[in-house]
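Here is how the chains run, residue by residue.
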Amino acid sequence: MQIWLSYDRFASGPKGGTDEDPLRGATISFVVKWEDGAWKFTDKYDKLGDFPVAYEPTSPYAWSDGWVQVRHAN
C-alpha cells in the first residue's frame, strides 16, 4: 500500500519559543506491506510509486480513485 502524507510541522525549540523555520505543505510518500501480522515499510515497489497530481476532498475524480480524507481534531 502506498501512503502519501501532506503535513505542516510546527515545533518549539529546546529553550521554548516558536519554530523559526516551520514546514508548510511538506509531502512524503512511502510503501508498506502486511507481513507477520503488522504493516512494515518496504522499498520493493519504490520504482512504481508516484505522488498524486492533485487532491480536493469534494472532487468526484478523487473519490472515484479511492481518496479518503483523514480528519483530525482542530
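This section reports on the structure supplied with the text. The structure displayed is predicted, hence computed values, not measured ones.

Here's the deal with the overall build of the protein
Along the protein, the regular secondary structure elements total one helix and five strands. The secondary structure elements of the protein, listed N-terminal to C-terminal, are β-β-β-β-β-α. With 74 residues in all, the protein has 9% of them scored as buried. Long-range contacts, defined as pairs at least 24 residues apart, comprise 32% of the intrachain contacts of the protein with a sequence gap of at least 6.

Focus: the pairing of strand β5 (residues 38–42)
Where strand β4 (residues 23–35) and β5 come together, five bridges link them in antiparallel fashion. Across the sheet, Glu35 pairs through a bridge with Ala38, a residue of β5. Between β4 and the antiparallel strand that follows it, β5, lie two residues; Asp36 among them carries a positive phi value of about 55°.

Details of the sheet that holds β5
Read across the open sheet, the three strands follow the order β1-β4-β5; overall the sheet is antiparallel. The strands lining the two open edges of the sheet, one partner per strand, are β1 (2–9) and β5. Averaged over all pairs of adjacent strands, the angle between their axes in this sheet comes to 50°, without regard to strand direction.

A closer look at the packing of aromatic side chains
In this structure the tally under the stated criterion is two aromatic pairs. A centroid spacing of 5.3 Å and a plane angle of 75° characterise the contact between Trp34 and Trp39, whose relative ring orientation is edge-to-face. The exposure class of Trp39 is partly exposed, given its relative accessible area of 48%.

Some details on the pattern of salt bridges
Overall, the coordinates contain two salt bridges when judged by the stated rule. Here Asp36 ties to Lys40 by a salt bridge, and the two come within 3.8 Å at their closest N and O atoms.

Considerations on a nonpolar patch on the surface
On the surface, Leu5, Tyr7, Leu23 and Ile28 cluster together to form a nonpolar patch covering roughly 310 Å² of accessible area. Contributions of two or more residues to the nonpolar patch are made by β1 and β4. Position of Leu5 relative to the elements: it lies in strand β1. Overall, the relative accessible area of 39% leaves Leu5 in the partly exposed class.

A few points about unusual backbone geometry
A negative phi holds for most residues other than glycine; trans holds for most peptide bonds. One non-glycine residue, Asp36, lies in the positive phi region at around 55°. Following the sequence through the fold, Asp36 ends up in the loop between β4 and β5.

What counts, and where the lines are drawn
- Residues numbered from 1 in each chain as written.
- Predicted model: local features only at pLDDT ≥ 70, side-chain atom pairs only at ≥ 80, totals over all residues.
- Heavy atoms only, no water.
- Helix = DSSP H or I, 4+ residues; strand = E, 2+ residues; numbered from the N terminus.
- Buried < 20%, exposed > 50% of the residue type's maximum accessible area, 1.4 Å probe, protein only.
- Contact = heavy atoms within 4.5 Å.
- Pairing = 2+ DSSP bridges.
- Axes fitted to C-alpha atoms, helices over the stretch in contact; angles between N-to-C directions.
- Phe/Tyr/Trp six-rings, centres within 6.5 Å; stacked < 30°, edge-to-face > 60°.
- Salt bridge = Lys/Arg side-chain N within 4 Å of Asp/Glu carboxyl O.
- Patch = residues over 30% accessible without salt bridge, like charges linked within 9 Å, V, L, I, M, F, W, Y side chains within 5 Å.
- Areas by Shrake-Rupley, 256 points an atom, 1.4 Å probe, with all protein chains shown as cover.

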